[in-house]
Amino acid sequence: MKKLILIVFSFMGIFTFSQQIESFETILNDKISIRALEVDGGKVWYSGTDSKFGFVDLKNIKNQKQIRLSEKKLQFRTLAQDKDSLYAVNIESPAYFFKIDKKNLKYRLVFTDMSKAAFYDAFHFVNQKQAFAFSDTDDNRLKLIIYKNGEWSFFENKVKLNSGEAAFAASNTNIASTKKYLWVATGGKSSRILRLNFKTEEIEVFNTPFIQGESSQGMYSIDFYDDNFGVAVGGDYTKQDANINNIATTNDGGESWQIQASGQNAGYTTCVKIKPGSMGKEMISVGDQHISYSSDFGKTWKKISDEKGFFVCSWVNGNTVVFAGKDRISVMKLKF
């Protein structure tokens, strides 16, 4: 009986982590740090340091173009898109919001935030007519910019952040949404989930068991499959091997969180993305020192690559993932 049980569990382990890397190709080399990606029209769009913005065609990587959105050496860590355009805002003050046409790459400045504390961590479209950008604040209030029906404004709310509570511009993924909710993940001395209900326009705040207490700790990235199931990853960027309380999942829309794989994962993680079509079961994550995969709703994780220097990832389709980070963009094809 014991032998039979061991055989069964061995088979389950093979089944759970059956994905293999078929190929891993670098499609862009440049002196740039990239922390934000969008995939659309068969192209990988990116923004990064030195005011750089561009794309690489996935079908023909020789078809690529890069422009500079400003003569200033702005540092972009955000990128968002609607049907026809991409939008990027730099970190630090003043914060310039750029709109770039996907067809001809013509760009223009559409909004400016002059506040001294401006530091935009994430930019996210919830539908074709509405977007949110999340910034650090100078008065402990939650600061969101809302784009709605062509107009830009500050989103009025009464949410107060705790002392030392902020966010990380690590991968443009501490915002996620469905048709019903927008979620914002904070970190630092307090790591919480802020959930906006689009119907009521009210924001609820939920505590989490995530590692927190120091300015370098907390949630760095979230992703949601539907109104209920979501995943959060992060850790401590000053202790990248530390892997305690740095992954969590929720089954009630962010109201409560369950720590997963504590002490049994590859450590500090900056981006997580649920595989399309997997109903939340499969997901991939990346940190400065690893690429990891889960096939059981984030409960267990397997490091599938020791590649270093990637900060952000995005699914292209069910077996292809694009990664970006220090000086490169790469495409991984998985075999299941």
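For clarity, every value in this text was computed on a predicted model and none was experimentally measured.

S.K.: What is the right way to look at the confidence of the model for the chain in this model?
M.R.: Should pLDDT be low for a region, the predicted coordinates there are not to be read in detail. Chain-level pLDDT for the chain is 94 on average; 95% of the residues reach the 70-or-more range. Of all the helices and strands in the chain, helix α1 (residues 2-16) carries the lowest mean pLDDT, 35, while strand β21 (residues 247-250) carries the highest, 99. Contacts from residues 1-16, a stretch scored under 50 in pLDDT, to residues over four places away or in other chains number two contacts.

S.K.: Looking at this structure, how should I read the packing of aromatic side chains?
M.R.: The geometry of two aromatic rings is summed up by the distance between their centres and the angle between their planes. Summed over the entire model, instances satisfying the criterion amount to 31 aromatic pairs. Note on F24 and F310: the rings are 6.0 Å apart at their centroids and 35° apart in plane angle, and the pair reads as tilted. You can see F24 sitting in strand β1 (residues 20-40) and its partner F310 sitting in strand β27 (residues 310-317), a full 286 residues away along the chain. Assessed through its relative accessible area of 27%, F24 is described here as partly exposed. With a centroid separation of 5.1 Å and an interplanar angle of 85°, the aromatic rings of Y220 and Y268 are classed as edge-to-face. You can see Y220 sitting in strand β19 (residues 217-224) and its partner Y268 sitting in the loop between β22 (258-259) and β23 (271-274), a full 48 residues away along the chain.

S.K.: Is there a simple way to explain the sheet that holds strand β17 (residues 192-197) in this structure?
M.R.: As a general point, the strands of a sheet are linked pairwise by backbone hydrogen bonds and lie either parallel or antiparallel. Reading across from one edge, β14-β15-β17-β18 is the order of the four strands in this open sheet, with antiparallel pairing throughout. Taken across any chain shown, the strands that pair with only one partner, and hence form the sheet edges, are β14 (175-177) and β18 (202-207). Within the sheet, the average angular offset between the axes of one strand and its neighbour, ignoring direction, is 20°. Two elements, β14 and strand β15 (residues 181-185), share three bridges in a ladder whose sense is antiparallel. In the sheet register, A176 faces β15, and the bridge partner there is W183.

Conventions we followed
Residues numbered from 1 in each chain as written. Predicted model: local features only at pLDDT ≥ 70, side-chain atom pairs only at ≥ 80, totals over all residues. Heavy atoms only, no water. pLDDT = per-residue confidence, 0-100. Helix = DSSP H or I, 4+ residues; strand = E, 2+ residues; numbered from the N terminus. Contact = heavy atoms within 4.5 Å. Phe/Tyr/Trp six-rings, centres within 6.5 Å; stacked < 30°, edge-to-face > 60°. Buried < 20%, exposed > 50% of the residue type's maximum accessible area, 1.4 Å probe, protein only. Pairing = 2+ DSSP bridges. Axes fitted to C-alpha atoms, helices over the stretch in contact; angles between N-to-C directions.

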